[in-house]
Amino acid sequence: GGIRNVFARDLTMTNPNLLYCIRAKTNSARGGFVEGIYMRDVSVKGVATSGLNIDYYYSGGEGDGHNPTVTDIYMRNVHFQEAFRAWNLYGFPDDKIGTVTLVDCEFDKVFGHHPPTHNIADLRLINVVIEGQRIDRPEPSTPSH
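Criteria and cut-off values
Residues numbered from 1 in each chain as written. Predicted model: local features only at pLDDT ≥ 70, side-chain atom pairs only at ≥ 80, totals over all residues. Heavy atoms only, no water. Helix = DSSP H or I, 4+ residues; strand = E, 2+ residues; numbered from the N terminus. Contact = heavy atoms within 4.5 Å. Phe/Tyr/Trp six-rings, centres within 6.5 Å; stacked < 30°, edge-to-face > 60°. Buried < 20%, exposed > 50% of the residue type's maximum accessible area, 1.4 Å probe, protein only. Polar contact = N/O pair within 3.5 Å; in protein donor to acceptor, adjacent residues only side chain to side chain. Patch = residues over 30% accessible without salt bridge, like charges linked within 9 Å, V, L, I, M, F, W, Y side chains within 5 Å. Areas by Shrake-Rupley, 256 points an atom, 1.4 Å probe, with all protein chains shown as cover. Salt bridge = Lys/Arg side-chain N within 4 Å of Asp/Glu carboxyl O. Lys, Arg positive; Asp, Glu negative; His and termini not counted. Charge placed at Lys NZ, Arg CZ, Asp CG, Glu CD. pLDDT = per-residue confidence, 0-100.

1. Some words on the environment of leucine 123
(1) Moving on: Within the element layout of this structure, leucine 123 appears in strand E8 (residues 120-126).
(2) Moving on: Residues leucine 123 and isoleucine 97 lie 26 residues apart in sequence; the distance between their C-alpha atoms is 9.0 Å.

Here's what the structure looks like:
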């Protein structure tokens, strides 16, 4: 199973216990798909973990025969006042996360390190600003899984 073609716009998120703005959690035992998630014109007061989280290692990992598909995730004009990290993206080496696009997104205050980006086929960052610094490409990071 899966989910596709979700549109969210003109939102204000102010919950003090908000963990993520967008989260896709899966593993190779669950499989399935998440495709065509579109979010634009959103204001987020704060997230305790990350603004965007795609994790193929949720409650498991690789090798169970049902690799997931997560692709065509699009965020435009999303403003975060605070976030621990801007994003966490963890795909499998043999099953990469597809296309993820952030356009005109701003993170005013980020408490964590550079956002981890592992095994993603196509990460597009267009006018993404983290703590006043424009980020055109993700920093390489070491896998923690």
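2. Considerations on the side chain of threonine 99
(1) Moving on: Within the element layout of this structure, threonine 99 appears in strand E5 (residues 97-103).
(2) Moving on: In contact with threonine 99, not counting residues within four places along its chain, are Thr71, Asp72, Ile73, Asp122 and Arg124.

3. Here we look at the packing of aromatic side chains
(1) Moving on: With the rule as written, the count across this model stands at 5 aromatic pairs.
(2) Moving on: Here the aromatic rings of phenylalanine 7 and tyrosine 38 are separated by 4.9 Å at their centres, their planes lie at 15°, and the arrangement is stacked. Placement of phenylalanine 7 in strand E1 (residues 2-13) and of tyrosine 38 in strand E3 (residues 33-55) is noted, with a sequence separation of 31 residues between them.
(3) Moving on: By relative accessible area, phenylalanine 7 is classed as exposed at 64%.
(4) Moving on: Measuring from ring centre to ring centre gives 5.2 Å for tyrosine 56 and phenylalanine 92, while their planes differ by 70°; the resulting arrangement is edge-to-face. Of this pair, tyrosine 56 sits in the loop between E3 and strand E4 (69-90) while phenylalanine 92 sits in the loop between E4 and E5, and the two are 36 residues apart along the sequence.

4. A look at the side chain of threonine 117
(1) Moving on: When you line up the elements, threonine 117 lands in strand E7 (residues 117-118).
(2) Moving on: Judged by relative accessible area, threonine 117 falls into the buried class, the value being 15%.
(3) Moving on: Of note is the side chain of threonine 117, whose polar atom sits 3.0 Å from the side chain of tryptophan 87.

5. Brief notes about a negative patch on the surface
(1) Moving on: A contiguous patch of negative charge on the surface is contributed by Glu82, Glu106, Asp108 and Glu131.
(2) Moving on: With a relative accessible area of 35%, aspartate 108 lands in the partly exposed category.

6. Focus: the confidence of the model for the protein chain
(1) Moving on: Mean pLDDT over the protein chain stands at 91; residues scoring 70 or higher make up 94%.
(2) Moving on: When the criterion is pLDDT under 50, residues 140-144 qualifies, and its contacts beyond four places in sequence or with other chains add up to 6 contacts.

7. A short note on the environment of glycine 98
(1) Moving on: With respect to the helices and strands, glycine 98 occurs in strand E5.
(2) Moving on: Its relative accessible area of 14% is what places glycine 98 among the buried residues.
(3) Moving on: Sequence spacing of glycine 98 and asparagine 88 is 10 residues, and the spatial spacing of their C-alpha atoms is 14 Å.
(4) Moving on: Other than its neighbours up to four places away in sequence, glycine 98 contacts Val70, Thr71, Ile120, Ala121 and Asp122.

8. Some points on unusual backbone geometry
(1) Moving on: One non-glycine residue, asparagine 5, lies in the positive phi region at around 55°.
(2) Moving on: Following the sequence through the fold, asparagine 5 ends up in strand E1.
(3) Moving on: With a phi angle near 50°, glutamate 131 is a residue other than glycine that sits in the positive phi range.
(4) Moving on: Structurally, glutamate 131 is set in the loop between strand E9 (128-130) and strand E10 (133-135).

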